[in-house]
Amino acid sequence: QVQLVESGGGLVQAGGSLRLSCAASGSTFSINAMGWYRQAPGKKRELVAGISSGGSTNYARSVKGRFTISRDNAKNTVYLQMNSLKPEDTAVYYCTQGGGPPSFRSWGQGTQVTVSS
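No experiment lies behind these values; they were computed from the predicted model shown. (Residues numbered from 1 in each chain as written. Predicted model: local features only at pLDDT ≥ 70, side-chain atom pairs only at ≥ 80, totals over all residues. Heavy atoms only, no water.)

Right, let's talk about the overall build of the protein for a bit. On a plain count of helices and strands, the protein comes out with 0 helices and 11 strands. Secondary structure elements of the protein occur, N-terminal to C-terminal, as β-β-β-β-β-β-β-β-β-β-β. For the protein, the residues scored as buried account for 42% of the 117 residues in total. Sequence separation of at least 24 residues holds for 55% of the intrachain contacts in the protein that already meet a minimum separation of 6. On the protein, roughly 6100 Å² of surface is accessible, and the fraction owed to carbon and sulfur atoms is 48%. (Helix = DSSP H or I, 4+ residues; strand = E, 2+ residues; numbered from the N terminus. Buried < 20%, exposed > 50% of the residue type's maximum accessible area, 1.4 Å probe, protein only. Contact = heavy atoms within 4.5 Å. Areas by Shrake-Rupley, 256 points an atom, 1.4 Å probe, with all protein chains shown as cover.)

Written out as structure tokens, the structure reads:
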């Protein structure tokens with residue numbers, strides 16, 4: 001069973017930046033797609049960004065141009081660089097491993113990101 005541990009969340013002012021990290025256990029990191037989801041209070045969970053094993057990326061329309069997902073296979077770590085943060089980016093951010101629907105993926109415990117106006 002893979003373990004995913006997120007870090008890097010916190011409180012930031014609007015317009016600021018944060019970088020989230022997710023460290024994965026196990027030896028299958030490099031062959032798996034990785035992703036970041038978020039869920040704000042009272043809202044549906046949404047896929048923020050994904051990166052394939054080959055490095056192809058995709059983003060939610062709401063974060064395109066502001067967020068960047070990347071991976072370091074040597075460190076078994078995936079990152080989410082978040083720039084120009086907005087109050088509506090406030091949510092718990094979750095790292096996932098694997099592709100397909102959410103139920104098919106492994107999940108981290110989440111890290112809180114709060115953007116103040």
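This part is about the environment of S117. When you line up the elements, S117 lands in the segment after strand 11 (111-116). For S117, a relative accessible area of 87% translates into the label exposed. Residues S117 and V12 lie 105 residues apart in sequence; the distance between their C-alpha atoms is 9.1 Å. Among residues more than four places away in sequence, those in contact with S117 are A14 and P87.

How two aromatic rings sit relative to each other is set out by the distance from centre to centre and by the angle between their planes. Tallying each qualifying case throughout the model produces 2 aromatic pairs. Arranged with centres 4.9 Å apart and planes meeting at 50 degrees, the rings of Y37 and W107 form a pair that is tilted. On the criterion of sequence distance, the pair formed by Y37 in strand 4 (residues 34-39) and W107 in strand 10 (residues 106-107) is long-range, its members being 70 residues apart. According to the relative accessible area criterion, Y37 is buried, its value standing at 6%. On the basis of an interplanar angle of 70 degrees and a centroid distance of 5.9 Å, the ring pair of Y94 and W107 is categorised as edge-to-face. Of the two residues, Y94 is situated in strand 9 (residues 91-97) and W107 in strand 10; the sequence distance between them amounts to 13 residues. Taken together, the ring pairs connect Y37, Y94 and W107 into an aromatic cluster. (Phe/Tyr/Trp six-rings, centres within 6.5 Å; stacked < 30°, edge-to-face > 60°.)

Our focus in this paragraph is the environment of Q3. In this fold, Q3 is placed in the segment before strand 1 (4-7). For Q3, a relative accessible area of 57% corresponds to the exposed category.

Spatially, the 4 strands line up as an open sheet ordered 1-3-8-7, and their pairing is antiparallel. Each having just a single partner strand, strand 1 and strand 7 (67-72) make up the two edges of the open sheet. With direction set aside, neighbouring strand axes in the sheet form an average angle of 15 degrees. When strand 3 (residues 18-24) meets strand 8 (residues 77-82), the two strands line up antiparallel, connected through 6 bridges. Residue pairing for strand 8: L18 is matched across the bridge by M82. (Pairing = 2+ DSSP bridges. Axes fitted to C-alpha atoms, helices over the stretch in contact; angles between N-to-C directions.)

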